[in-house]
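Structural characterization, general
The residues making up each chain are set out below.
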Amino acid sequence: DAGVTQSPTHLIKTRGQQVTLRCSPISGHKSVSWYQQVLGQGPQFIFQYYEKEERGRGNFPDRFSARQFPNYSSELNVNALLLGDSALYLCASRDRPFSWLPSPLHFGNGTRLTVT
Amino acid sequence: KNEVEQSPQNLTAQEGEFITINCSYSVGISALHWLQQHPGGGIVSLFMLSSGKKKHGRLIATINIQEKHSSLHITASHPRDSAVYICAVTVGQGAQKLVFGQGTRLTINP
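Bear in mind the structure is a predicted one, so any value in this text is a computation, not a measurement.

1. Examining the overall build of chain A
Helices and strands together make up the secondary structure of chain A, namely zero helices and eleven strands. Taken over the C-alpha atoms alone, chain A extends approximately 40 × 30 × 30 Å along its principal axes. The buried share among the 116 residues of chain A stands at 50%. Put simply, chain A shows about 5,500 Å² of open surface, and 49% of that area lies on carbon and sulfur atoms. When the 12 positive and 8 negative side-chain charges of chain A are each reduced to one mean point, those points stand 5 Å apart.

Following this line, the structure appears as structure tokens:
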């Protein structure tokens, strides 16, 4: 079975531009969450989606948005890019939302975004 | 102060040594995760704990809910164990989120 897949793997954008990152969860997983990891730091939670509804949001500005599609894949959109948005963006899937009994997270390999 | 603190931040050891990485948290949690991140970024989930102790091969994870503390142990360490180990906790009621520690960079020398 395929794991969590993210695309693209690398991306270079200019300040002020917009970017869309994509994530396909493991088959059967309905929960997708997004994380930002700046170099040298631990990841930070951005969003959780379950059954196409937002179930949690971290401390990120409104420039960050996401959505989940009927096939449970997800997109993370970042508008008006800043230099500080340069990071590894990770997606994880699980078979249930965080609020249910805990279950393991399965991470993708991430999209490395560079903003110049 | 971060809600999740790991120690040490960096750890270098010789092959075969017993390794301990600690994680303390200051909030109520429903679960604690230990994650492994290799160069290049990919993250693998090692353990998910809500109480007690779990073992998988040479890896052991423990959690003490009363003391809000967890440890990850590696027995008979090997250079392939070199990676960043991250502790993360699930917090909140209803709309929950995951809070991460800053990671522990482990280097095992042959």
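Having seen the structure, we can now continue with the description.
2. Considering the nonpolar core
Residues Val4, Ile19, Leu32, Trp34, Leu72, Tyr85 and Val89 of chain B are the most contacted members of the largest nonpolar core, which totals 24 residues. Taken together, the elements giving at least two residues each to this core come down to strand 3 (19-25), strand 4 (31-37), strand 5 (43-49), strand 7 (59-64), strand 8 (69-74), strand 9 (83-91) and strand 11 (104-109) of chain B. With five residues, strand 9 of chain B is the largest single contributor of residues to this core. Counting 22 residues, the second-largest nonpolar core is a separate cluster that includes Trp34, Leu76, Leu113 and Val115 of chain A.

3. Observations concerning the interface of chain B and chain A
Frequently, the measure chosen for interface size is the accessible area removed from exposure when the parts meet. On the side of chain A, 23 residues touch chain B, which itself brings 21 residues to the contact. Carbon and sulfur atoms make up 63% of the area that chain B and chain A hide from each other, which totals about 1,600 Å². The interface formed by chain B and chain A holds zero salt bridges in total. At the junction of chain B and chain A, the tally comes to one residue pair in polar contact (both at pLDDT 80 or more).

4. Points about unusual backbone geometry
Cis peptide bonds are those with omega within 30 degrees of zero, and the linkage from serine 7 of chain A to proline 8 of chain A qualifies with -10 degrees. You can see proline 8 of chain A is positioned in the loop between strand 1 (5-7) and strand 2 (10-13). Cis rather than trans, the peptide bond between serine 7 of chain B and proline 8 of chain B has omega equal to -5 degrees. Tracing the sequence through the fold places proline 8 of chain B in the loop between strand 1 (4-7) and strand 2 (10-14). One non-glycine residue, tyrosine 72 of chain A, adopts positive backbone phi at about 75 degrees. With respect to the helices, strands and loops of the structure, tyrosine 72 of chain A is situated in the loop between strand 7 (64-68) and strand 8 (74-78).

5. Quick notes on the state of the cysteines
Applying the stated criterion across every chain, the model contains two disulfides over all chains. The disulfide bridge from cysteine 23 of chain A ends at cysteine 91 of chain A, spanning 1.8 Å between sulfur atoms. What sets the handedness of the cysteine 23 of chain A and cysteine 91 of chain A disulfide is the S-S torsion sign, and at about -60 degrees it is left-handed. Taken together, the residues cysteine 23 of chain A in strand 3 (residues 19-24) and cysteine 91 of chain A in strand 9 (residues 87-94) connect sequence positions 68 residues apart. Cysteine 91 of chain A carries the same exposure label as cysteine 23 of chain A, and that label is buried. Here cysteine 23 of chain B is linked by a disulfide to cysteine 87 of chain B, with a sulfur-sulfur distance of 2.0 Å. Judged by the sign of its S-S torsion, about -60 degrees, the bond between cysteine 23 of chain B and cysteine 87 of chain B is left-handed.

The rules behind these values
- Residues numbered from 1 in each chain as written.
- Chains lettered and ligands numbered in written order.
- Predicted model: local features only at pLDDT ≥ 70, side-chain atom pairs only at ≥ 80, totals over all residues.
- Heavy atoms only, no water.
- Helix = DSSP H or I, 4+ residues; strand = E, 2+ residues; numbered from the N terminus.
- Buried < 20%, exposed > 50% of the residue type's maximum accessible area, 1.4 Å probe, protein only.
- Areas by Shrake-Rupley, 256 points an atom, 1.4 Å probe, with all protein chains shown as cover.
- Lys, Arg positive; Asp, Glu negative; His and termini not counted.
- Charge placed at Lys NZ, Arg CZ, Asp CG, Glu CD.
- Core = buried A, V, L, I, M, F, W, Y, C linked by side-chain atoms within 4.5 Å.
- Contact = heavy atoms within 4.5 Å.
- Buried area = accessible area lost by both parts, 1.4 Å probe.
- Salt bridge = Lys/Arg side-chain N within 4 Å of Asp/Glu carboxyl O.
- Polar contact = N/O pair within 3.5 Å; in protein donor to acceptor, adjacent residues only side chain to side chain.
- Disulfide = S-S within 2.5 Å.

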